Amino acid sequence: NSVGMALAEQLLAAHFGKELVDHYTYVIASDGDLMEGISHEAISFAGHLRLRKLIVLFDDNDISIDGATSLSVSDNQLARFVASGWAVQAIDGHDEAAIIAAINQAKLNDRPSLIACRTVIGYGSPHKGGTAAAHGAPLGPEEIALAREHFQWPHPPFEIPDGVLAAWRQLGSSSERLSWEKRLDQAPKRDDFKSRIAGELPQGWQEELAALKEQFIEEQPTQATRLLSQRVLETLVPHIPALMGGSADLTGSNNTKVKGQQPINADDFSGQYIHYGVREHGMAAMMNGLALHGGFIPYGGTFLIFSDYLRPALRLSALMEQRVIYVLTHDSIGLGEDGPTHQPVEHLAALRAIPNLNVFRPADATEVAECWELAIQSETAPSVIALTRQAIQPLRQKYSSENLCARGGYVIQDTAHVRKVTFFASGSEVGLACQVRELLAEEGISTAVVSMPCWRLFEAQPKAYRERVIGPKKAVRVAIEAAGGFGWERYIGEDGLMMGMKGFGASGPASDLYEYFQLTPTAIAAQILQHLQSRVPNL
């Protein structure tokens, strides 16, 4: 997170100048924090970009919950940071003068800084200081009293001495702050800066996107949704400067970079694209930092299968209500020869289970544009946009100024007769459902197809609308998704049919895999007919 914040400072300074953006990012990190794998991703990335305004104060006390850190780690942390291009100091963490001097020294460096502060955990506690007993449990009334005595602190709990309170309140009217506010008022880019920090969107971007939707309707493109997403980004990026793109070493596969979008590097932060490297977890956490800092709408790409690696930070995006966009491509068994290790089966269900996360899986070009529009507008919830590797067929034939995906689910093909079958599908399988519908029509069976690009938004619709879309209870409800079926039962009920994956994928061309797993129009139509005949023998 802090690396993302420090990166945001450098990016904004490159655009607005140091007279407006010139601050440091400080971190207090524990022994345990530096054991986590994500610490290596963050340290390496920050060192590579030479984020000199990032200062980490390492609470170096050699204690974790289980006891001494020597139980599980013997790393030379200082050497590790040096190896990643950081400036390193080691001081007495209980010496205020040493801390001030070390911070001042860190500010002179042209690299990020680690200040290893040797401390005693529970310092001042005569019986628990320096032990794991001070790590996660309260000291207790008697030990607290002894610690107060050690520090000669006479004030009761939650009472802030007047002198301390007055000093804190002076910070709000400091000369540095007043000087900055004056510079802001006189800055040529004042309004732009305020708008960026407030998270406001510029004028005109939706009109440009609407024009692209019309173009999609005219073209009826048959492309992978990841390629269609790139076309949407080609429209959005020039019109929304806050969009900061990136990928975890899969730029050419995720299609997250567009023409004219320059990557940043340690010598030039004026670009609008980040090469995160193979650091999915770090990428997601850095995007959180960019969003929390303000001034950016970060989006980053990787394969849907690798959402496992970034899930903790994605969950925090949702918990913190941040506008962070995850572009997760290769979203089904349709990616083919890469095999089951790269074919997500349970991932859509796992992501849909996260509260306050919009999981979008668009079915065609128009839906891709609409899902991107919703993700850009979503100020209090992150978004996942799951995209295909394989080409899909165009479905929407008429332009609509309404964003139909905003309803989460809608009837994309309907019947004039009473429905006997209602299909529910997302992404590439919406087209598959439409093909099955045509086969059943030849048998005189009336059907409707419901596209479900975002369950969360559908659940937010009025009950009457949801019931109208779901249709009559007597109709057979069929869900089609080239993934695990967990969760679809809320729409198809106990008697419904789930056409999806019951295990892991396999290696082979996408068309062969869909055939093998019986996810073809003919195979699905046959199963539905068999089910209907079992319900009504004389059909």
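Residues numbered from 1 in each chain as written. Predicted model: local features only at pLDDT ≥ 70, side-chain atom pairs only at ≥ 80, totals over all residues. Heavy atoms only, no water.

As enumerated under the stated definition, the model contains 16 aromatic pairs in all. When the ring of F424 is compared with that of Y491, the centres are 6.3 Å apart and the planes differ by 25°; the resulting orientation is stacked. Taken as a pair, F424 in strand β14 (residues 421-425) and Y491 in helix α20 (residues 489-492) lie far apart in primary sequence, 67 residues in all. Residue classification places F424 among the buried positions, given a relative accessible area of 0%. Judged by relative accessible area, Y491 falls into the buried class, the value being 2%. Three or more aromatic residues link up through ring pairs in this structure, and these residues are F424, W455, F458, Y465, W488 and Y491. When the ring centre of Y24 is taken as reference, the NZ or CZ atom of K53 above it lies at 5.6 Å. Across from the ring centre of F296, 5.2 Å away, lies the NZ or CZ of R196, which sits over that ring. (Phe/Tyr/Trp six-rings, centres within 6.5 Å; stacked < 30°, edge-to-face > 60°. Helix = DSSP H or I, 4+ residues; strand = E, 2+ residues; numbered from the N terminus. Buried < 20%, exposed > 50% of the residue type's maximum accessible area, 1.4 Å probe, protein only. Lys NZ or Arg CZ within 6 Å of the ring centre and 35° of its normal.)

What follows concerns the pairing of strand β17 (residues 497-501). Within β17, 4 of the 5 residues are buried, which leaves it mostly tucked inside the rest of the structure. Sheet topology places strand β16 (residues 476-484) next to β17; 4 bridges connect them, and they run parallel. Residue pairing for β17: I480 is matched across the bridge by M499. (Pairing = 2+ DSSP bridges.)

Turning next to the side chain of D364. Considering the arrangement of structural elements, one finds D364 in the loop between β11 (358-360) and α16 (365-377). Despite being buried, D364 has no salt bridge partner; R396 is the closest side chain of opposite charge, sitting 5.4 Å away. Engagement of the side chain of D364 in a polar contact is seen with the backbone nitrogen of T366, the distance being 3.3 Å. Here R396 takes part through its backbone nitrogen, which lies 2.9 Å from a polar atom of the side chain of D364. (Lys, Arg positive; Asp, Glu negative; His and termini not counted. Salt bridge = Lys/Arg side-chain N within 4 Å of Asp/Glu carboxyl O. Polar contact = N/O pair within 3.5 Å; in protein donor to acceptor, adjacent residues only side chain to side chain.)

Backbone geometry at R50 places phi at a positive 55°, although glycine is not the residue there. For R50, the location among the structural elements is in the loop between α3 (37-49) and β2 (54-60). Its relative accessible area of 35% is what places R50 among the partly exposed residues. At E321, a position not held by glycine, the phi torsion is positive, near 60°. You can see E321 is positioned in the loop between α14 (307-319) and β10 (325-329).

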